[in-house]
Amino acid sequence: MNSIRVRLGVLGLALLTGFTAPTAASAAQAAPSPTVEEQRLGRAAPQEILRRSGFDTAAPRLARALEGARSYGEARRAVTREGARLWQRAVDRAQGRGPAGGDLSRDDDRPLYWARLGMTRDVRTWEPEFGLTDGQRAALLDELERASRGQDAIRYPHGKGIKRILLTGFDPFTLDRDIRISNPSGATALALDGTVIETADGPARVETAVFPVRWQDFTDGVVERTLRPHLPKVDLFTTVSQGRVGRFDIERTNGAWRGGFGDNETIGRTETVPVSDPASQPQWTTTTLPYAAITAAQTGRFPVYDNTSVTEIPAGGTQSVVRPDGPTPGSTARAGGGGDYLSNEIAYRATLLRDRLGLHGTLPGGHVHTPVLQFAAGNTTEVTDPEFVRNRLHIIAQVRAILKVAAEAS
């Protein structure tokens, strides 16, 4: 590993399609330092999670592949291959296929998160002899992110007679508050990817992807790039994230506002959600999930609420107010039902994309907030415990039940 981080070479001009020799006029660009998110890897809990799942081998495997790469093209192929391998390995582990790799519960989403960060750190700090431009390094990191999150692996079977469901989850977050945190939405994505739910109307195939908790990725359009090819072809979609303690929420309304809370890079953004064509951007979007049917059904241990509350600045006003029954005409968004963080934003972006594709009246879609995944009372140091695992399994099972109800009611 040390050798791939210290070698310096001349700058290569090869981009996605060409592999030309470097020119003397271009100087090698130094590799950047690890990010704030990647720097957390050195702490004890992430290392224990990786060791107890067997995922501590993922980053070294990519490092060896990069060490053997003799061109940008070879490096890109290695990054794509190892990223996809990591995603599939995490899905297989969550669904009981192959070796567990350790004693950590199979339903755990954290091995994927921390292993990916080890891999992105290696790509970010790699200094090959043939040199990398900033653009090439960024492209490698983008390819690794997409492949290791399942964003480019969404595939549905051809033919009729099967419904298509698309579900998204998130990475763990607020890690400086508790480095041990797991995100049940990410765990749900791993548990359900590629599975079939039997409904009263026939089978429904679920495909999933996971998104980062980083404002910049959303600004760069990662949500739209991932979802746009699939929304016109699916029968139902839902974005999922962790919400409040002890309850599920079906979020009725999403707002076009970022409230400034720090992301996994400890960066905060306070602004209108940046989207393409801002002149036509609405302040609010709404769910088209069958929320009445979902909240009326017995889907599991936790209560499920139709959450209609928002925070707005009323038309002509200057101060924000909470509206328990949704926004008033002409108001400016300050929080959707799901708040003003990235869970609200992914819901806003996904439903805005639905509407801009002309699918509002035909495609059920919206956001589901899961309960907070809690450790057992008194556990402040251990990375897992039986109650923690039980809570996560119950949340996963209940999301699956909610999807079944939604598919049957749509």
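Residues numbered from 1 in each chain as written. Predicted model: local features only at pLDDT ≥ 70, side-chain atom pairs only at ≥ 80, totals over all residues. Heavy atoms only, no water.

With respect to the helices, strands and loops of the structure, E312 is situated in strand β11 (residues 310–313). A distance of 2.7 Å separates polar atoms of two side chains, one belonging to E312 and the other to R323. For E312, the side chain forms a polar contact with the side chain of T328, separated by 2.6 Å. Ignoring any residue separated from it by four or fewer positions in sequence, one finds E312 in contact with W284, Q319, S320, V321, R323, P327, T328, S331, T332 and R334. (Helix = DSSP H or I, 4+ residues; strand = E, 2+ residues; numbered from the N terminus. Polar contact = N/O pair within 3.5 Å; in protein donor to acceptor, adjacent residues only side chain to side chain. Contact = heavy atoms within 4.5 Å.)

Here we come to the packing of aromatic side chains. Overall, the coordinates contain nine aromatic pairs when judged by the stated rule. Their ring planes at 15° and their centres at 6.1 Å tell us that F170 and F218 sit as a pair that is stacked. Of this pair, F170 sits in strand β1 (residues 163–170) while F218 is found in helix α9 (residues 215–219), placing the two residues 48 residues apart along the sequence. The two residues F170 and F218 agree in class, both being buried. A centroid spacing of 5.1 Å and a plane angle of 90° characterise the contact between F261 and Y341, whose relative ring orientation is edge-to-face. Of this pair, F261 sits in the loop between β7 (257–259) and β8 (270–272) while Y341 is found in the loop between β13 (332–335) and α12 (342–356), placing the two residues 80 residues apart along the sequence. Its relative accessible area of 12% is what places Y341 among the buried residues. Taken together, F173, W215, F261 and Y341 form an aromatic cluster joined through their ring pairs. (Phe/Tyr/Trp six-rings, centres within 6.5 Å; stacked < 30°, edge-to-face > 60°. Buried < 20%, exposed > 50% of the residue type's maximum accessible area, 1.4 Å probe, protein only.)

Moving on: the sheet that holds strand β12 (residues 321–323). The strand order β12-β11-β13 describes an open sheet built from three strands, whose pairing is antiparallel. Looking at the sheet topology across the chains shown, the edges are occupied by β12 and β13. Going across the sheet, the axis of each strand differs from the next one's by a mean of 45°, ignoring polarity. Here β11 pairs with β13 via three bridges, running antiparallel. For T311, the partnering residue across the bridge sits in β13 and is A335. (Pairing = 2+ DSSP bridges. Axes fitted to C-alpha atoms, helices over the stretch in contact; angles between N-to-C directions.)

Turning next to the pairing of strand β14 (residues 365–370). Successive side chains on a regular strand alternate, one facing one side of the sheet and the next facing the other. Among the six residues of β14, six are classified as buried, and the element is accordingly described as predominantly covered. Across six bridges, strand β4 (residues 236–242) lies against β14 in parallel orientation. Pairing of S241 across the sheet is with H369, part of β14. The pairing of strand β5 (residues 248–251) with β14 spans three bridges and is antiparallel. In the strand pairing of β14, E251 is matched with H367.

Moving on to the environment of I179. Within the secondary structure, I179 is located in the loop between β1 and α8 (184–192). I179 sits in the buried class, given a relative accessible area of 9%. Measuring from C-alpha to C-alpha, the distance between I179 and R43 comes to 8.4 Å, with 136 residues separating the pair along the chain. For I179, the residues in contact, after removing those within four places along its chain, are R40, R43, A45, P46 and W114.

Once that is clear, we can look at the sheet that holds strand β3 (residues 202–211). Spatially, β2-β3-β1-β4-β14-β5-β10 is the arrangement adopted by the seven strands of the open sheet, whose pairing is mixed. At either margin of the open sheet sits one strand with a lone partner, and together these are β2 (196–199) and β10 (304–307). Taking each pair of neighbouring strands and ignoring which way they run, the sheet shows an average axis angle of 25°. Sheet analysis places β5 next to β10, joined by four bridges and oriented parallel.

Let's shift gears to the pattern of salt bridges. Per the counting criterion, the structure on display carries 32 salt bridges. Residue D108 pairs with R110 through a salt bridge whose shortest N-O separation is 2.6 Å. Grouping residues by exposure puts D108 and R110 together as buried. For D249, the salt bridge is made with R247, and the minimal N-O distance between the two is 2.6 Å. The residues D249 and R247 share a single accessibility class, namely buried. Among the charged side chains, a salt-bridge network with shared partners connects E37, R116, E145, R149, D171, R214 and D217. (Salt bridge = Lys/Arg side-chain N within 4 Å of Asp/Glu carboxyl O.)

Across the interface, helix α3 (residues 44–51) lies against helix α6 (residues 110–125) with an axial gap of 9 Å and an inter-helix angle of 110°. When the axes of α3 and α6 are compared, the pair comes out roughly perpendicular. In this structure, the crossing between α3 and α6 has a hand that is left-handed. On the side of α3, the interface is formed by P46, I49 and L50, while α6 contributes R110, P111, W114 and A115. Considered class by class, the residues forming the contact of α3 with α6 number six nonpolar, no polar and one charged. (Parallel < 35°, antiparallel > 145°, perpendicular 65-115°, else oblique. Left-handed = near helix turned anticlockwise from the far one by under 90°. Nonpolar A, V, L, I, M, F, W, Y, C, P; charged D, E, K, R; others polar.)

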